[in-house]
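Now for the letters of each chain:
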Amino acid sequence: MKHTNFLRPLAVVLGLALGVPAQADTYNITVDKVRIDTGMFKKNGIGYNGSQTPSILHFQEGEDVVIRVKNNLRESTSIHWHGLILPFQQDGVPGISFDGIKPGETFTYRFPIEQAGTYWFHSHSGFQEPDGAYGAIVISPKGGEAVPADRDYVVQFTDKHPHSGARVFRNLKASADYYNRAQRTAQDLIEDAGAEGLKAALQDRKMWGAMRMMPTDIEDVQGFTPLINGASTQQNWTGIFKPGEKVRLRLINSSATTYFDVRVPGLKMTVVQADGNDVKPVAVDELRIAVAETYDVIVQPREAKAYSIIGESAGRTAMVRGTLAPSQGMVGPIYKMRPEPLLTMADMGGMMSGMEHSGMDRAGMDMSGMDHSGMDMSGFDMSGMDHSGHDMSSMEMSGMDQSGTDTGGMDMTSGLPVVPAEGAKGAAFYAPGSGLIPTAANGGKFLGYENLAARKPLYRDRPATREIEIRLTGNMERYIWSIDGVKYEDADPIRLKYGERVRFKFVNETMMAHPMHLHGMWTIIDTGKGPYDPVKHTVSVAPGTTLYTETEVDAPGQWAFHCHLSYHMAGGMFRKVIVEGGPS
Ligand SMILES: [Cu+2]
């Protein structure tokens, strides 16, 4: 049978009402080859339960689930339950939690549901997730939702590429800018030359060229068609409402590599949950959802008209529109994509900093063989970096041949690249002067991590037992992504002790944001709120920034810890975490 239990069995609902212990319910999932049609292109892919529309698993907090996964593929598969707290053998990562599910085999997962909220599930095998193997999980809390709504919809984003995941990865390995269609053109040069003068414009390009990076390298895969719940803009996923109703949208980003800026033009979105955990409600006009994150928002459309749900990629190369409407067949308006952001020197600050303390070859960038003689940086655009008081005079560029470099015009008194989490309002988790700091399309409020506060503390606040530095590193040219300069194959596991509280210091030394995901245990983002710091499963670390999280090590066994961009994970930004001790 190619369906899951979309409706809650009545017995369970009654059972809970009568205080009977939770019973085990069985859910069936098949993993199938499917033909995916985006309206823009068709391709062979993978789908759960025979469909390109992601399946939704509805669970109840407190129940024991039995999930039978039948693999109809001709290759091994797996399902990871993203964000769920469960025994590590049920976590679904081949090579770490179990051996995977062989072709034709049915694997039975069994675990208790100890939490509530919006989560998702996906294959952790090869590139099956970008090929379509993902779905949603909605867990109803025991006592009902903290903020009730009249309607409840999953809004699951993905970035569907005409190429298979394996092909995308091959192309990126062959040439890291293979999919970067936004490389700046001669026309841009002419325009920039008009604005900054030809010399400055040329020098800007020379610098970026030397870095082997483009200022538009915000998304390393472009040319995809974004989908909401398996539907492209033209296929127009639609959620129905009656005017005045409160509508809960469970936003999930199941993209391979794409961050989306999400808004419902004309409506405030009240964020009530992040990564499955309730937060103090905060009304915003727009939010950025990193890959693998979830946000629950409540909107209240009051007019009997079609509203659009807009997901615009952070690099502004693609947009998707879904619709909220009083009846089927109505279509929300389409909006013009905003101009693409440009990375600034602040965004590559992490790399500069990497040079400072760890030497060139670990900085994620190979500058050996660069000839800097005669390089004149006087025209270098540091205009975004006038953010006060840091002194870059200690910045050591040893190892670079700087003979003849003229830094005369470069303002060395501004913009220490790596910054602590504290920062300018609305941009606390970006480097000062970053070109990536998002703004709302209507000029209103844009959600930042600093706006998230736990509704109720999940853990007692206590000092961390120790700090572990995690440097996010890479070599763009060779498309190698790593942690502390070492890719997964060559790395030792990270060992944690059961019962300790670890503080992670993430230092992003690359020019890309990385959504870091620790399996099995919660990630508390240090936003300065103590016990009310938000509790997440995925945290995005912006380029050139340092971000702190804490984790109560309360789950024995071995777990995956990685960047959730599919091609960064495959490129080596991955670690095994072993929790020693604790109950067996
Ligand atoms: Cu990454």
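All of the points below concern the structure found in this document. Computed from a prediction, not measured in an experiment: that's the story for all the values here. (Residues numbered from 1 in each chain as written. Predicted model: local features only at pLDDT ≥ 70, side-chain atom pairs only at ≥ 80, totals over all residues. Heavy atoms only, no water.)

### Digging into the overall build of the chain
Our working definition: Numbered from the N terminus, helices here are DSSP runs of H or I no shorter than four residues, and strands are runs of E no shorter than two. Type-normalised accessible area, obtained with a 1.4 Å probe on protein chains alone, sets the label of each residue: buried when under 20%, exposed when over 50%, and partly exposed for intermediate values. Residue contacts are counted whenever heavy atoms from the two residues lie within 4.5 Å of one another. Accessibility throughout is a Shrake-Rupley quantity obtained with a 1.4 Å probe, and a residue counts as covered only by protein chains that appear here.
Looking only at helices and strands, the chain features six helices and 30 strands. For the chain, the residues scored as buried account for 58% of the 584 residues in total. For the chain, the proportion of contacts with a sequence separation of at least 24, taken over those separated by at least 6, is 77%. Here the chain displays about 22500 Å² of accessible surface, and carbon together with sulfur accounts for 52% of that area.

### Looking at the pairing of strand E27 (residues 538-541)
Using the following cut-off: Two strands form a pair only when DSSP identifies at least two bridges running between them.
Across the two faces of E27 the burial is the same, with Thr538 and Ser540 and Val539 and Val541 all buried. One ladder, built from four bridges, connects strand E24 (residues 514-518) with E27; its direction is antiparallel. Residue Pro515 lies in a different strand from E27, and its bridge partner there is Ser540.

### Structural notes on the pattern of salt bridges
Stated formally: What makes a salt bridge here is a side-chain nitrogen of Lys or Arg within 4 Å of a carboxyl oxygen of Asp or Glu, nothing more.
Enumeration according to the criterion identifies 27 salt bridges in this entry. Here Asp461 ties to Arg501 by a salt bridge, and the two come within 3.6 Å at their closest N and O atoms. Separated by 40 residues along the polypeptide, Asp461 in the loop between helix H5 (349-358) and strand E20 (466-475) and Arg501 in strand E23 (residues 501-508) bring together distant segments of the chain. Judged by its relative accessible area of 40%, Asp461 falls in the partly exposed class.

### What to know about the coordination of the copper ion
Formally: Each metal's donors comprise the N, O and S atoms found within 2.8 Å of it (within 3.2 Å for Na, K or Ca). Water is not part of the atom list, so some coordination spheres may appear incomplete.
Protein ligation of the copper ion involves His514 (ND1), Cys563 (SG) and His568 (ND1), the donor distances falling in the range 2.0 to 2.1 Å. The sequence pattern describing where the donors of the copper ion fall on their chain is H-x48-C-x4-H. A residue pair is termed long-range when its members are at least 10 positions apart, and His514 in strand E24 and Cys563 in strand E29 (residues 557-563) qualify at 49 residues. Judged by relative accessible area, which is 0%, His514 ranks as buried.

### Overview of the side chain of Thr38
Quick reminder of the rule: Definition of a polar contact: a pair of N or O atoms within 3.5 Å, with one able to donate and the other able to accept a hydrogen when the atoms are protein atoms, and with sequence-neighbouring residues admitted only if both atoms are side-chain atoms.
Relative to the assigned elements, Thr38 resides in the loop between strand E1 (24-37) and strand E2 (42-48). For Thr38, a relative accessible area of 0% puts it in the buried group. One polar contact links the side chain of Thr38 to the main-chain amide nitrogen of Met40, over a distance of 3.0 Å. Residues within four places of Thr38 in sequence aside, it is in contact with Lys160, Thr225, Leu227, Ser232 and Gln235.

### Topic: unusual backbone geometry
Located in the positive-phi region is Asn229, a residue other than glycine, with phi close to 50°. Mapped onto the elements of the fold, Asn229 is located in the loop between strand E10 (225-228) and strand E11 (238-240). Of note, Tyr479 is a non-glycine position whose phi angle comes to about 50°, a positive value. Since its relative accessible area comes to 0%, Tyr479 is described here as buried.

### Overview of the packing of aromatic side chains
Quick note on the threshold: Only centres within 6.5 Å qualify two rings of Phe, Tyr or Trp (six-membered ring in Trp) as a pair; their planes then separate them into stacked at under 30 degrees, edge-to-face at over 60, and tilted for everything else. For a Lys NZ or an Arg CZ to count as sitting over a ring, it must be within 6 Å of the ring centre and within 35 degrees of the ring normal.
This model, assessed by the stated rule, comprises 23 aromatic pairs. Centroid distance Trp81 to Tyr109: 5.0 Å. Interplanar angle 90°. Geometry classified as edge-to-face. Taken together, the positions of Trp81 in strand E5 (residues 80-82) and Tyr109 in strand E6 (residues 106-112) put the pair 28 residues apart, joining distant regions of the chain. The buried category is assigned to Trp81, whose relative accessible area is 0%. On the numbers, 5.7 Å between centres and 45° between planes, the contact of Phe504 with Phe561 is tilted. Of the two residues, Phe504 is situated in strand E23 and Phe561 in strand E29; the sequence distance between them amounts to 57 residues. In terms of burial, Phe504 and Phe561 fall into one category: buried. Positioned above the aromatic ring of Tyr335, the side-chain terminus of Arg263 is 5.6 Å from the ring centre. Above the plane of the ring of Tyr532 lies Lys280, whose end atom (NZ or CZ) is 4.1 Å from the centre.

### Considering the sheet that holds E10
Operational definition: Axes here refer to lines fitted to C-alpha atoms; in helices the fit is confined to the stretch in contact. Angles between the N-to-C directions go from 0 to 180 degrees.
One open sheet accounts for six strands, arranged E10-E9-E12-E17-E14-E15; its pairing is mixed. Of all the strands in the sheet, the pair left with one neighbour each is E10 and strand E15 (277-284). Taking each pair of neighbouring strands and ignoring which way they run, the sheet shows an average axis angle of 25°. In this structure, strand E9 (residues 151-160) lies alongside E10, joined through four bridges in antiparallel fashion. Across the sheet, the residue bridging to Thr158 is Leu227, located in E10.

### Observations regarding the environment of Tyr488
Locating Tyr488 in the fold gives a position in the loop between strand E21 (480-483) and strand E22 (494-497). The class of Tyr488 is partly exposed, set by a relative accessible area of 31%. Tyr488 sits 82 residues away from Ala570 along the chain, and the two C-alpha atoms are 9.0 Å apart. Every residue in contact with Tyr488, bar those within four places of it in the chain, is listed here: Ile96, Gly572, Phe574, Arg575 and Lys576.

### Details of the sheet that holds strand E30 (residues 574-580)
Strand order in the open sheet formed by five strands is E22-E30-E29-E24-E27, and the pairing between neighbours is mixed. Either end of the sheet is taken by a strand with one partner, and the two such strands are E22 and E27. Across this sheet, the average inter-strand angle for adjacent strands is 25°, counted without regard to direction. Where E29 and E30 come together, six bridges link them in antiparallel fashion. Its bridge partner being in E30, His562 is matched across the sheet by Phe574.

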